[in-house]
Amino acid sequence: MYLTREEERALDGFEGEAKALAMKVVVRVGEVLGAEKLVPIKNAHISGISYKNIGEEGLAFIEKLAGEGARFSVPTTLNPGAFDLAGWQRMNVDEKILSGQLRIIDAFRRMGAAITLSCTPYLYANISYGDHLAWSESNAVLYANSVVGARTNRDGGPLALFEAIAGRAPLAGLHLEENRRPMLLIDFSSVGEKVVEKGIFSAAGLAAGRIAGASVPLVKGLRFSGSDELKLFLAAAGATGGTGLVLVDGISPDLRFAKWNPVEGVERVGVEWSALQEELERYSGSGEGVVVLGCPHLSPSELKDIISWLRRHGRPKRRLILFTSRAAVGEAEKRAAEEAGAELFTDTCMVVSELSKYAGREFVTDSGKAAFYLASQGYLVKLLSRGEALRYALGGSA
Ligand code: F3S
């Protein structure tokens, strides 16, 4: 692999042992991927930081790196952790998780990360078309690639961490133009209007992910009225599929700037209503449970909409828990959510916190990604549209 003089120096340890290790890992991964060289990255986002998921081993690995002097070379943000740093008392967090998570965050802080603890860095980071990034967290990767047109592979947490230290990623996979072309066309034309009317973008995303698998699809026939619907759709697609890029007709900048015909020679798969029904039936839960919204983390506008909806329709009769990022809320928003009858948590989410400790085992959600992962953790989950989930919280039937 071709390396610049600066990269050679880092690899040889002139910028410290930790950076040399990071370079070694990134170069090795690049060789496996067949990369001819590395590409400088603009920023990094690291997932897999919840103590609930990575435990003592993960903590030891991160503390060792920080202790050896590892420092991030580019602005670096973090995915949600195991609890709300300011509201953990409401989450029945056990002592071990409390101290383990705080140590993980402290180690990341020492390495220079911004303690964002959110899975929606694309709402706050300065990224634009053509930027190279090193992001882990599938929904963020999908949004950055598909909606912004930035370039990142769907990296695992540890690789993104090493790339953040190295300031480089292998120039391979979705960093390369030729790998960003669609390999199949997923056509929602016959069901698109019904998806919009019923607000079931999550079910559509789950179906799209199952069809796409790890390949790059072109999605046609779905009308999105904003980024909030897109993020539900893409997050769900990333849960059932391994792809890091979904080209969405009318949305994805890669399609706008393409010099190729996106549908030429591409196999078409039509989505039928039965496929969406299947997704909804897969997550049909018990018809009871706590309503959990905010996977991916609610944006400031979603939060505002939910709070004003509650103000208009009345306080929920069932528990309604909202997850968002610390960047989206100040004290005023927290108070407003509480006054409207919702519980609000930042820094964490329903999947990476110990949900059973503070909210039981039965849930209603509008998130296909949350439904997918909560079901895999043994919870009973019902997937509804956002409107239906909110009406259910008010006392309606699920
Ligand atoms: Fe974010 Fe947690 Fe969902 S990290 S995308 S809210 S599983």
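Provided above is the structure to which this section pertains.
First things first, this report covers the structure right here in the doc. The model shown is predicted, which means the values in this text are computed figures rather than measured ones.

Some words on the overall build of the protein chain
- When helices and strands are counted, the protein chain shows 16 helices and 14 strands.
- A compact globule built from 398 residues should have a C-alpha radius of gyration of about 21 Å, and the protein chain, at 21 Å, falls within 12% of that.
- Seen through its principal axes, the protein chain has C-alpha atoms that stretch 65 × 55 × 35 Å.
- Long-range pairs, those at least 24 residues apart, make up 77% of the contacts in the protein chain with a sequence separation of at least 6.

As for the nonpolar core
- If you look at the biggest cluster of nonpolar residues, it comprises 68 residues, and the most contacted ones within it are Phe72, Phe108 and Met350.
- For this core, the element with the most residues is helix α4 (residues 95–111), which contributes 7 residues.
- Setting aside anything within four residues of it in sequence, one finds Met350 in contact with Val292, Leu293, Gly294, Cys295, Phe323, Leu355, Thr365, Ala370 and Leu374.
- Formed by 35 residues, the second largest nonpolar core is a distinct cluster that contains Val191, Ile200, Phe201 and Ala207.

Section: the site of the ligand
- Taken together, Asn79, Pro80, Cys119, Glu137, Asn139, Gly294, Cys295, Pro296, Cys349, Val351 and Lys369 are the residues near the ligand.
- Sort the elements by how many residues they give to the shell around the ligand and strand β10 (residues 290–298) lands first, with 3 residues.
- A breakdown of the residues in the shell around the ligand according to their chemical character gives 6 nonpolar, 3 polar and 2 charged.

Observations concerning the sheet that holds strand β12 (residues 343–346)
- Taken in spatial order, the 5 strands of this open sheet run β12-β11-β10-β13-β14, and their pairing is parallel. Looking at strand neighbours, the two that pair on one side only are β12 and β14 (380–383), the edges of this open sheet. Averaged over all adjacent pairs, the angle separating strand axes in this sheet is 25°, with direction ignored.
- Sheet topology note: the β10/strand β11 (residues 320–324) ladder contains 4 bridges and is parallel.

What about the pairing of strand β13 (residues 362–365)?
- Note: β10 against β13, 3 bridges, orientation parallel. Paired with Val291 across the bridge in β13 is Val364.
- Bridge count between β13 and β14: 4 bridges; the pairing is parallel. In the strand pairing of β14, Phe363 is matched with Val381.
- Remark: the β13/helix α15 (residues 368–376)/β14 crossover connection has right-handed handedness.

Section: the sheet that holds strand β4 (residues 133–135)
- A sheet is described by the order of its strands in space; here 3 strands give the open sequence β3-β2-β4, paired in parallel fashion. At either end of the open sheet lies a strand with only one pairing partner, and these are β3 (76–78) and β4. The sheet shows a mean angle of 10° between the axes of neighbouring strands, taken without regard to direction.
- Each of β2 (43–46), β3 and β4 is contacted by helix α6 (residues 157–166), which is oriented at about 150° to β2, the strand it contacts most.

Re the pattern of salt bridges
- Counted by the stated rule, this structure contains 24 salt bridges.
- The shortest N-O distance in the salt bridge between Glu15 and Lys19 comes to 2.9 Å.
- Of the residues examined, Glu15 reaches a relative accessible area of 36% and is grouped as partly exposed.
- The partner of Lys64 in a salt bridge is Glu68, with the nearest N and O atoms 3.1 Å apart.
- Given the relative accessible area of 54%, Lys64 is considered exposed.
- Bridged by salt links that share partners, the residues Arg151, Glu177, Arg180 and Asp254 form one connected network.

Describing the packing of aromatic side chains
- Evaluated as defined, the whole model comprises 11 aromatic pairs.
- When the ring of Tyr122 is compared with that of Tyr143, the centres are 4.0 Å apart and the planes differ by 15°; the resulting orientation is stacked. On the criterion of sequence distance, the pair formed by Tyr122 in the loop between α4 and β4 and Tyr143 in helix α5 (residues 138–148) is long-range, its members being 21 residues apart.
- Residue Tyr143 is classed as buried on the basis of its relative accessible area, which comes to 8%.
- For the pair Phe372 and Tyr373, a centre-to-centre distance of 4.9 Å together with 80° between the ring planes defines the contact as edge-to-face.
- The ring of Phe257 carries Arg256 above its face, with NZ or CZ at 5.7 Å from the centroid.

What counts and what doesn't
- Residues numbered from 1 in each chain as written.
- Predicted model: local features only at pLDDT ≥ 70, side-chain atom pairs only at ≥ 80, totals over all residues.
- Heavy atoms only, no water.
- Helix = DSSP H or I, 4+ residues; strand = E, 2+ residues; numbered from the N terminus.
- Rg over C-alpha atoms; globule rule 2.2 N^0.38 Å.
- Contact = heavy atoms within 4.5 Å.
- Core = buried A, V, L, I, M, F, W, Y, C linked by side-chain atoms within 4.5 Å.
- Buried < 20%, exposed > 50% of the residue type's maximum accessible area, 1.4 Å probe, protein only.
- Near = heavy atom within 4 Å.
- Nonpolar A, V, L, I, M, F, W, Y, C, P; charged D, E, K, R; others polar.
- Pairing = 2+ DSSP bridges.
- Axes fitted to C-alpha atoms, helices over the stretch in contact; angles between N-to-C directions.
- Right-handed = clockwise from strand over helix to strand, strands pointing away.
- Salt bridge = Lys/Arg side-chain N within 4 Å of Asp/Glu carboxyl O.
- Phe/Tyr/Trp six-rings, centres within 6.5 Å; stacked < 30°, edge-to-face > 60°.
- Lys NZ or Arg CZ within 6 Å of the ring centre and 35° of its normal.

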